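# Coordinate analysis (summary)
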Amino acid sequence: MLDDLDRRIVEILAEDARISLKELAAKVNLSSPSASERLKRLEERGVIRAFTVDLDPAALGYTLQVIVRIRPLPGQLHRVQQLIEEIPEFTECDKVTGDDCFIARLHLTSINQLDEILDRIIDRAETNSSIVKSQPVRRRLPPL
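Residues numbered from 1 in each chain as written. Predicted model: local features only at pLDDT ≥ 70, side-chain atom pairs only at ≥ 80, totals over all residues. Heavy atoms only, no water.

Counting 18 residues, the largest nonpolar core has Val 66, Ile 70, Phe 90, Leu 106 and Leu 108 as its most contacted members. Elements represented by at least two residues in this core include exactly strand S1 (64-72), helix H4 (77-86), strand S3 (102-108) and helix H5 (111-119). Residues in contact with Val 66, not counting those within four places in the same chain, are Ala 104, Arg 105, Leu 106, Leu 108, Leu 114, Ser 129, Ser 130, Ile 131 and Val 132. Grouped together as the second largest cluster of nonpolar side chains are 11 residues, Leu 2, Val 10, Leu 13 and Leu 24 included. (Core = buried A, V, L, I, M, F, W, Y, C linked by side-chain atoms within 4.5 Å. Buried < 20%, exposed > 50% of the residue type's maximum accessible area, 1.4 Å probe, protein only. Helix = DSSP H or I, 4+ residues; strand = E, 2+ residues; numbered from the N terminus. Contact = heavy atoms within 4.5 Å.)

We now examine the sheet that holds strand S4 (residues 125-131). Paired through backbone hydrogen bonds, the strands of a sheet run either parallel or antiparallel to each other. Reading across from one edge, S2-S3-S1-S4 is the order of the 4 strands in this open sheet, with antiparallel pairing throughout. The open sheet has two free edges, formed respectively by strand S2 (90-95) and S4, since each of these has just one partner strand. The average angle at which neighbouring strand axes cross in this sheet is 20°, direction not considered. Sheet analysis places S1 next to S3, joined by 7 bridges and oriented antiparallel. The partner of Val 68 across the bridge, within S3, is Ala 104. Its contacts with the sheet place H5 against S1, S2, S3 and S4, and it is angled at close to 140° to S3. (Pairing = 2+ DSSP bridges. Axes fitted to C-alpha atoms, helices over the stretch in contact; angles between N-to-C directions.)

Bear in mind that shape data such as this cannot, by itself, settle questions of function.
Okay, here's the thing in structure tokens:
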């Protein structure tokens, strides 16, 4: 669906979403108006959903990352999902197939905070937590 030029534009923006249009155009050998039009089409097609910032949670004091597998008790699926959405320390959550219904990522300042958060859902779900030691593959683009 993407031609080579669109792929290059997406790759450049993935590295630095703050790049100026003039710099982007120069890197892909287009005029600024042509690069702008390509960018606009990528947004309209939904290929580019947002220009965002990549924060380092540790720099904000969130030194602990936890992956939590969550299996709601019978009849509690919707309430558990609502609780996950309401708790800001849940920074990502996927609804999945298999034994667990949700796999979520938490960013925390302490292990005590983990207990406090899990206590809020323990009467509605079973959980299994894993502390993240490192992230060998950070979030990246799928193959273009």
